[in-house]
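# Results of the structural survey
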Amino acid sequence: MVEYIVSLSLLLGSASSQAKGCINVIGELALWNSHPPFLRVTLSGSSKVYGVLQAGEEPASDAIPITLYSEVMEGSYRVNGKFCIEKLGSFTKIPYSNNDIEYVKIKRFSAIN
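This is a predicted model, so every value here is computed, not measured. (Residues numbered from 1 in each chain as written. Predicted model: local features only at pLDDT ≥ 70, side-chain atom pairs only at ≥ 80, totals over all residues. Heavy atoms only, no water.)

Every α-helix carries 3.6 residues per turn, so stepping three or four residues along brings you back to the same face. Those residues of helix α2 (residues 66-76) that sit buried are Leu 68, Tyr 69 and Val 72. When α2 is viewed along its axis, its buried side chains cluster within an angular range of 100° and face the same direction. Away from its buried face by more than 90 degrees, α2 exposes Ile 66, Thr 67 and Glu 74. In this fold, the buried residues of α2 make contact with β1 (23-31), β2 (39-43), β5 (58-59), β6 (78-92) and β7 (101-111). One or two steps after α2, the chain reaches Tyr 77, where phi turns positive at roughly 60°. (Buried < 20%, exposed > 50% of the residue type's maximum accessible area, 1.4 Å probe, protein only. Helix = DSSP H or I, 4+ residues; strand = E, 2+ residues; numbered from the N terminus. Arc of directions from axis to C-beta. Contact = heavy atoms within 4.5 Å.)

The structure is reproduced here in structure tokens:
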């Protein structure tokens, strides 16, 4: 019986951690050639920048919809749109800026021309 309670609590714990909501932002996803993160979302009308979570040289497997990643990598290098982002609460510093960049995952997007 204890095994079932432990298993159930593990399942419930992982389900609640994956049930995080995302916030809608309007901005530009762009490929950067400088310091990581290489994919960044800059909010429209702001200097706020988020970095797409990476796994080495690539985005983490669940950090960006594959269609959006393909669009950026196949030559457009920039996509304007409405992005539903999940803030991860981890940050990175880049040498040429005083602002930290927070890592995010892009859950959904719709293009804006």
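After presenting the structure, the write-up continues.
On to the pairing of β6. Alignment of β1 against β6, held across 8 bridges, turns out to be antiparallel. From the neighbouring strand, Asn 24 faces β6, where its bridge partner is Cys 84. In this sheet, β7 lies alongside β6 in antiparallel orientation, the contact comprising 9 bridges. Across the sheet, residue Cys 84 finds its bridge partner in β7, namely Arg 108. (Pairing = 2+ DSSP bridges.)

None of this, on its own, says anything about what the molecule does.
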